[in-house]
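Below, each chain spelled out in residue letters.
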Amino acid sequence: MIGMQIINGLQQGSIYALVALGYTMVYGIIQLLNFAHGDIIMAGAYVCWIIMVQLGLPVYIAVVLAPLACMVLGILIDKIAYAPLRSSSRLSLLITAIGVSYFLENAVQLIFGADSKVLGRMIDTNTIDIAGFPVSVVALITIVLTALGCVALTLLVQKTKLGCAMRAVSEDMQAAQLMGVNVNTIISVTFALGSLLAGVGSVLYCMAYTQAYPTMGVMLGTKAFCAAVLGGIGSIPGAVLGGFVVGFAEVIVSALGLSLWKDAVVFLLLIAILVFKPSGILGTTTKEKV
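Residues numbered from 1 in each chain as written. Predicted model: local features only at pLDDT ≥ 70, side-chain atom pairs only at ≥ 80, totals over all residues. Heavy atoms only, no water.

- As named in an unreviewed UniProt entry, the protein chain is Branched-chain amino acid ABC transporter, permease protein, taken from Fannyhessea vaginae PB189-T1-4.
- Reading the Sequence similarities (unreviewed entry) entry of the UniProt record for the protein chain gives the comment "Belongs to the binding-protein-dependent transport system permease family. LivHM subfamily." (UniProt positions renumbered as here; feature names shortened; annotations may be inferred.)

### Focus on the overall build of the protein chain
In step 1: Helix and strand counts for the protein chain stand at eleven helices and four strands.
In step 2: The C-alpha radius of gyration computed for the protein chain amounts to 19 Å, which stays within 12% of the reference 19 Å derived for 290 residues, consistent with globular compactness.
In step 3: Seen along its three principal axes, the alpha-carbon backbone of the protein chain occupies a region of about 55 × 45 × 35 Å.
In step 4: The buried share of the protein chain, reckoned over its 290 residues, is 44%.
In step 5: Across the protein chain, the fraction of contacts at a sequence separation of at least 24, relative to all contacts at a separation of at least 6, is 74%.
In step 6: A total of about 14200 Å² of accessible surface is found on the protein chain, and carbon and sulfur atoms cover 69% of it.
In step 7: Positive and negative charge centroids in the protein chain, built from 13 and 11 side chains respectively, lie 10 Å apart. (Helix = DSSP H or I, 4+ residues; strand = E, 2+ residues; numbered from the N terminus. Rg over C-alpha atoms; globule rule 2.2 N^0.38 Å. Buried < 20%, exposed > 50% of the residue type's maximum accessible area, 1.4 Å probe, protein only. Contact = heavy atoms within 4.5 Å. Areas by Shrake-Rupley, 256 points an atom, 1.4 Å probe, with all protein chains shown as cover. Lys, Arg positive; Asp, Glu negative; His and termini not counted. Charge placed at Lys NZ, Arg CZ, Asp CG, Glu CD.)

### Overview of the packing of helix 5 (residues 137-159) against helix 6 (residues 161-171)
Two measures define how a pair of helices packs: the angle their axes make with one another and the distance between the axes.
In step 1: It is at 5 Å that the axes of helix 5 and helix 6 come closest, and there the two elements cross at 75°. As judged from the angle between their axes, helix 5 and helix 6 are roughly perpendicular. Of helix 6, the residues touching helix 5 (which contributes Leu 156, Val 157 and Gln 158) are Leu 162, Gly 163, Cys 164 and Arg 167.
In step 2: Its residues placed into classes, the contact of helix 5 with helix 6 shows four nonpolar, two polar and one charged. (Axes fitted to C-alpha atoms, helices over the stretch in contact; angles between N-to-C directions. Parallel < 35°, antiparallel > 145°, perpendicular 65-115°, else oblique. Nonpolar A, V, L, I, M, F, W, Y, C, P; charged D, E, K, R; others polar.)

### Points about helix 11 (residues 262-276)
Given 3.6 residues to a turn, an α-helix orients residues that are three or four positions apart in the same direction.
In step 1: Taking 1.5 Å per residue as the helical rise, helix 11 with its 15 residues ought to reach 21 Å, and the 21 Å between its terminal C-alpha atoms agrees with that figure.
In step 2: If you follow the buried residues of helix 11, they end up packed against helix 9 (216-231) and helix 10 (236-255). (Expected span 1.5 Å × (residues − 1).)

### So, the nonpolar core
It is characteristic of soluble globular proteins that their nonpolar side chains tend to be buried jointly.
In step 1: Counting 73 residues, the largest nonpolar core has Leu 21, Tyr 82, Leu 119 and Met 122 as the members making the most contacts within it.
In step 2: Ranked by the residues each element gives to this core, the list is headed by helix 1 (residues 2-30), at twelve residues.
In step 3: Residue contacts for Met 122: discarding those within four places in its chain leaves Cys 48, Met 52, Val 59, Val 63, Val 203, Cys 206 and Met 207. (Core = buried A, V, L, I, M, F, W, Y, C linked by side-chain atoms within 4.5 Å.)

### A word on the pattern of salt bridges
In step 1: All told, the structure shown has four salt bridges when counted by the stated rule.
In step 2: Here Asp 115 ties to Lys 117 by a salt bridge, and the two come within 3.2 Å at their closest N and O atoms.
In step 3: When its relative accessible area of 44% is taken as the criterion, Asp 115 is described as partly exposed.
In step 4: A cluster of three or more residues bridged by salt bridges with shared partners is formed by Lys 223, Glu 250 and Asp 263. (Salt bridge = Lys/Arg side-chain N within 4 Å of Asp/Glu carboxyl O.)

### As for helix 10
In step 1: Between its first and last C-alpha, helix 10 extends 29 Å over 20 residues, near the 28 Å set by a 1.5 Å rise per residue.
In step 2: Within the span of helix 10, buried status applies to Ile 236, Gly 238, Ala 239, Val 240, Gly 242, Gly 243, Val 246, Gly 247, Ala 249, Glu 250, Val 251 and Val 253.
In step 3: Lining the buried residues of helix 10 we find helix 1, helix 5, helix 9 and helix 11.
In step 4: With a side-chain oxygen lying 3.0 Å from the backbone nitrogen of Gly 238, the N-terminal cap of helix 10 falls on Ser 235.
In step 5: Once helix 10 ends, the next one or two residues include Gly 257, with phi positive near 85°. (Polar contact = N/O pair within 3.5 Å; in protein donor to acceptor, adjacent residues only side chain to side chain.)

### Observations concerning the UniProt feature "transmembrane region" (unreviewed entry) in the protein chain
In step 1: On the UniProt side, "transmembrane region" (unreviewed entry) is annotated at positions that read residues 15-33, 63-81, 93-112, 132-157, 178-200 and 264-284 here.
In step 2: The distance separating the terminal C-alpha atoms of residues 93-112 is 28 Å; by composition the span is 100% helix and 0% strand.
In step 3: Between the first and last C-alpha atoms of residues 178-200 the distance is 35 Å; the span itself is 83% helix and 0% strand.

### Looking at the packing of helix 2 (residues 37-54) against helix 4 (residues 90-112)
In step 1: The contact between helix 2 and helix 4 brings their axes to 9 Å, and the two run at 25°. Compared by their axis directions, helix 2 and helix 4 come out roughly parallel. In the packing of helix 2 onto helix 4, the handedness of the crossing is left-handed. Where helix 2 abuts helix 4, its residues Asp 39, Met 42, Tyr 46, Trp 49 and Ile 50 lie against Ser 101, Leu 104, Glu 105, Val 108 and Phe 112.
In step 2: The residue inventory of the contact of helix 2 with helix 4, partitioned by class, reads seven nonpolar, one polar and two charged. (Left-handed = near helix turned anticlockwise from the far one by under 90°.)

### Some words on the environment of Met 25
In step 1: By the element assignment, Met 25 lies in helix 1.
In step 2: Between the C-alpha atom of Met 25 and that of Gly 194, which follows or precedes it by 169 residues, the distance is 6.7 Å.
In step 3: Filtering out sequence-adjacent residues up to four positions away, Met 25 remains in contact with Leu 153, Met 166, Thr 190, Leu 193, Gly 194 and Leu 197.

So, in structure tokens, the structure goes:
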């Protein structure tokens, strides 16, 4: 029983971690809380539904195209909504992000309707015995893909020229421009990577829950944002840690028979971390010059 709850916590936390990585990357580069990020996950789920149900194409095509579609959507959102406001205040960007979120939700509802779309099983629900514990194939794929994604993203940021440019823009955008870094390109790449991870998260979500609806990204995105803040927004390891904290918190509360309180527990954790350690578990306290 305990082993099963651990697997459930890892599976749930993995999805939150992938989405939280998108939040933390964008915030780390341009200090923007992209509240439209959760709706990119919703868009990925609808792409899966269109490919599998409407077009009747194989699952592997949906698995490949959904993250790519999310990546393109993330770039378009940046170019259309955020790029013209680069020099504006953070409040303007925040309001724009909220507006983009509402636009995506209502656009999908207008086009496809407000009812849930059933995708059907994307993968067999067989179990594999690992160390005496039965682990579902979906859970195993979710955990492994999240681990690979986190390792790949860390190596990209820490070991490549692109990652060096991203860190430079994060530290000092003006200085990076003077050193020849194309800031707009780096920001677009950051949105692309974050949206790609959100697309992978949407595929994994559809594997587990097999449905899509216009507001599905609201709570999922909000919890992922909580995970990013818990771990320390701007920190890649922090986003992963925060995702697992949120995932295990939900699983533990549900196991205790208090499933109606699982959303409240996540927000209580957020309040607690903001009160006692505002920078997050792995975040660093920054000082602003006056």
